[in-house]
Amino acid sequence: MSERAISEADISTLYERLNKEAEAVGYHLNPDIESTRGLVKSLLINERRYGYMACPCRLAAGVKEEDLDIICPCYYRDPDLNEYDGCYCALYVSQAVLKGEKKAGSIPERRLPPGKRGKTSQKQGGITGLSLPVWRCRVCGYLCGRDEP
């Protein structure tokens, strides 16, 4: 864990990387720059704290295997964007929100409470307990919901 303070340059670097990755898959970062930069800073804080970028709006266990579903971009981002035009923490938004055609509203929590969650498959990187398992590629981070990875 680094003792160095998180700088504006650190935030800008991660912001630009996340923006590029989001745009590449048809998503966008929230146009509220101040709020979005605050979320990006929180991701950096969680990365230093846990060793991975846990969603800043969810309680992380601090054990990577228990938190695979909330490592940004989390398993819930795609369904949240498809249904609500934004993800739970509002870091990612749809084209309609970006253009101002829709407003991002509140989003119900999809993550089950501890003890009710499906077990995460360490071999494949998937989680059960949803209508379909969600699988994360360990190389590029791509998420997909299907029966098999």
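Calculation notes
- Residues numbered from 1 in each chain as written.
- Predicted model: local features only at pLDDT ≥ 70, side-chain atom pairs only at ≥ 80, totals over all residues.
- Heavy atoms only, no water.
- Helix = DSSP H or I, 4+ residues; strand = E, 2+ residues; numbered from the N terminus.
- Buried < 20%, exposed > 50% of the residue type's maximum accessible area, 1.4 Å probe, protein only.
- Contact = heavy atoms within 4.5 Å.
- Areas by Shrake-Rupley, 256 points an atom, 1.4 Å probe, with all protein chains shown as cover.
- Phe/Tyr/Trp six-rings, centres within 6.5 Å; stacked < 30°, edge-to-face > 60°.
- Lys NZ or Arg CZ within 6 Å of the ring centre and 35° of its normal.
- Expected span 1.5 Å × (residues − 1).
- Arc of directions from axis to C-beta.
- Salt bridge = Lys/Arg side-chain N within 4 Å of Asp/Glu carboxyl O.

**Student:** Which parts of the structure should I look at to understand the overall build of the chain?
**Tutor:** Counting secondary structure elements, the chain contains 5 helices and 6 strands. Starting at the N terminus and ending at the C terminus, the chain contains elements arranged as α-β-α-α-α-β-α-β-β-β-β. For the chain, buried positions account for 40% of its 149 residues. In the chain, 45% of the contacts between residues at least 6 apart in sequence involve partners at least 24 apart. Surface summary for the chain: the accessible area is close to 8700 Å², and the carbon and sulfur share equals 51%.

**Student:** Mind showing me how you'd approach the packing of aromatic side chains here?
**Tutor:** Applying the stated rule across the entire model yields 1 aromatic pair. For the cation-ring pair, Arg 77 lies above Tyr 92, with the distance from its terminal atom to the ring centre recorded as 4.8 Å.

**Student:** What am I meant to see in helix α2 (residues 33-50) here?
**Tutor:** What sets the pattern is the α-helix's 3.6 residues per turn: residues three or four places apart point alike. Here α2 spans 25 Å end to end across 18 residues, near enough to the 26 Å set by a 1.5 Å rise per residue. Of all the residues in α2, the buried ones are Thr 36, Leu 39, Val 40, Leu 43, Leu 44 and Asn 46. For α2, the arc enclosing every buried residue in end-on projection is 160°, short of the 170-degree limit, so these residues lie on one face. Each element contacted by the buried residues of α2 is listed here: α1 (8-24) and β1 (28-29). Gly 51 occupies a position one or two residues after α2 and carries a positive phi of about 95°.

**Student:** What am I meant to see in unusual backbone geometry here?
**Tutor:** Excluding glycine, residues mostly have negative phi values, and the peptide bonds linking residues are mostly trans. The peptide bond linking Cys 72 to Pro 73 adopts the cis configuration, its omega dihedral lying at 0°. One non-glycine residue with positive phi stands out, namely Ala 90, at about 70°. With respect to the element layout, Ala 90 can be found in the loop between α4 (77-84) and β2 (92-93). Taking the relative accessible area as the measure of exposure, Ala 90 reaches 24% and is therefore partly exposed.

**Student:** Any chance you could explain the pattern of salt bridges here in plain terms?
**Tutor:** Charged atoms that come close allow side chains of opposite charge to pair. With the rule as written, the count across this model stands at 11 salt bridges. For Arg 17, the salt bridge identified is with Glu 21, shortest N-O distance 3.2 Å. Within this pair, Arg 17 and its partner Glu 21 are both found in helix α1, separated by 4 residues, close to a single helical turn. Residue class for Arg 17 comes out partly exposed when judged on its relative accessible area of 41%. One salt bridge in this structure joins Arg 77 and Asp 78, with 3.2 Å as the shortest N-O distance. With relative accessibility at 19%, the residue Asp 78 sits in the buried group.

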